[in-house]
Amino acid sequence: MIKVIISGFSGSMGQKAVKMVNDAENLQLVAGFNPVVTDLNPETYGLDKNVKIFNKLTDIKTDADIWIDFSIPSAVFENTKFAIEHDIRPVIGTSGMSEEQTAKLKKLADQKGLGGIIASNFGLSAVLMMKFAQVAAKYFEESEIVEKHHEDKIDAPSGTALNTARLIYQARGHDQVQHSSEDPLQTRGGDYHGTKIHALRLPGFVADEEVIFGGIGETLTISQSTTDRQSFMTGVKLAINEVVKLDHLVIGLEQII
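Keep in mind that this is a model prediction, so the values were computed, not measured.

Student: Give a detailed account of the UniProt feature "binding site: (S)-2,3,4,5-tetrahydrodipicolinate" (unreviewed entry) in the protein, specifying residues and quantitative values.
Tutor: Residues given the UniProt feature "binding site: (S)-2,3,4,5-tetrahydrodipicolinate" (unreviewed entry) here are H150, G159 and T160. Within this annotated set, the largest pocket is lined by H150, G159 and T160. Mapping G159 onto the fold places it in helix 5 (residues 159-172). A relative accessible area of 13% places G159 in the buried class. Contacts of G159, omitting those with residues within four sequence positions, involve S95 and S120. Within the fold, T160 resides in helix 5. Taking the relative accessible area as the measure of exposure, T160 reaches 4% and is therefore buried. When near neighbours in sequence (up to four residues on either side) are disregarded, T160 contacts S120, N121, M129, M130 and E209.

What follows is the structure, encoded as structure tokens:
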């Protein structure tokens, strides 16, 4: 039985993770963590009375094997660092960490021989979109990314969009050519090694992304749409079953599917 602690257990994504763990035959929820909760009674949240609830990292004492994180960008680095330092394998779905931060966490986990994953997106459609975009980048020298999320998403651009741009850059091996550096109104979006990223935050979206490649006389659009966050749980469960076999931290679900 794989024992799990969920950070952000009382949030919308955390609740879906709780259900996924409780429904799985090989998983057991042993603890929940969220700094904003004041009631530490698990039954308040509809959890088994044996589940421990914590609201301070320093108070956490658990025999969990896996740390699932659906917290907030400002907390995820310290949460993940805590998990690794306490030999709990991280499965991180919270975006917002810098490349420098993920590199530090990877070094820490790899030195301990601890498996884990930091994923910008656990939706299989999004992960496959990223893999397809990486293939296409070898044949198209220019592309742009448009990502669309709900109005409450804190970070922009999204971790998925940044990871897509990173994979495109890795496939090409060089920065994308820039046709104009003048943008007084800053209407060209964010920039990752020349790939422009446009972030929309509007009601009605959950998580959508499209990558548009342009060539002489042709374009290619690769897109995906998430209509229910429950879809992420398929990827989370897949990740849990894989990281228990690993001795290092991987960045991106596309690395293990």
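After that view, the rundown keeps rolling.
Student: Before we move on, can you summarise the domain arrangement of the protein with the specific residues and values?
Tutor: Structurally, the protein comprises domain 1 (1-113) and domain 2 (122-224). Look at where the C-alpha atoms of domain 1 and domain 2 centre, and you get two points 29 Å apart. Taken together, the contacts link 8 residues of domain 1 with 7 residues of domain 2. Interface area, domain 1 with domain 2, both sides summed: about 460 Å², of which 67% is carbon and sulfur. A per-residue breakdown of the area domain 1 buries against domain 2 is headed by P73, S95 and E99, which together make up 63% of the total. Joining domain 1 to domain 2, the criterion identifies 0 salt bridges. Viewed at the interface, domain 2 and domain 1 are joined by 3 residue pairs in polar contact (both at pLDDT 80 or more). Taken together, the residues of the side of domain 1 that touches domain 2 break down into 4 nonpolar, 3 polar and 1 charged.

Student: So what's going on with the UniProt feature "domain: Dihydrodipicolinate reductase N-terminal" (unreviewed entry) in the protein? Which residues, and what values?
Tutor: Within the UniProt annotation, "domain: Dihydrodipicolinate reductase N-terminal" (unreviewed entry) is assigned to residues 2-122. Across residues 2-122 one finds 32% helix and 22% strand; the C-alpha atoms that close the span lie 19 Å apart.

Student: Give me the lowdown on the sheet that holds strand 10 (residues 207-215), citing residues and values where you can.
Tutor: On the basis of which strands lie adjacent, the open sheet formed by 5 strands has the order 8-9-7-10-11 and mixed pairing. Bordering the open sheet on either side are strand 8 (190-192) and strand 11 (218-226), each of which pairs with just one other strand. Neighbour-to-neighbour, the strand axes of this sheet turn through a mean angle of 20°, independent of strand direction. Across 9 bridges, the pairing between strand 10 and strand 11 is antiparallel. Each bridged residue has a counterpart across the sheet, and for G215 the counterpart in strand 11 is E218. Strand contacts of helix 5: strand 7 (142-149), strand 8, strand 9 (195-201) and strand 10, with the helix running at about 165° to strand 7, the strand carrying the most contacts.

Cut-offs used in this document
- Residues numbered from 1 in each chain as written.
- Predicted model: local features only at pLDDT ≥ 70, side-chain atom pairs only at ≥ 80, totals over all residues.
- Heavy atoms only, no water.
- UniProt positions renumbered as here; feature names shortened; annotations may be inferred.
- 1 Å grid on protein atoms, 1.4 Å probe; cavity = no way out; pocket = protein on both sides within 12 Å on 5 of 7 lines; lining within 4 Å.
- Helix = DSSP H or I, 4+ residues; strand = E, 2+ residues; numbered from the N terminus.
- Buried < 20%, exposed > 50% of the residue type's maximum accessible area, 1.4 Å probe, protein only.
- Contact = heavy atoms within 4.5 Å.
- Domains from an automatic or database assignment.
- Buried area = accessible area lost by both parts, 1.4 Å probe.
- Salt bridge = Lys/Arg side-chain N within 4 Å of Asp/Glu carboxyl O.
- Polar contact = N/O pair within 3.5 Å; in protein donor to acceptor, adjacent residues only side chain to side chain.
- Nonpolar A, V, L, I, M, F, W, Y, C, P; charged D, E, K, R; others polar.
- Pairing = 2+ DSSP bridges.
- Axes fitted to C-alpha atoms, helices over the stretch in contact; angles between N-to-C directions.

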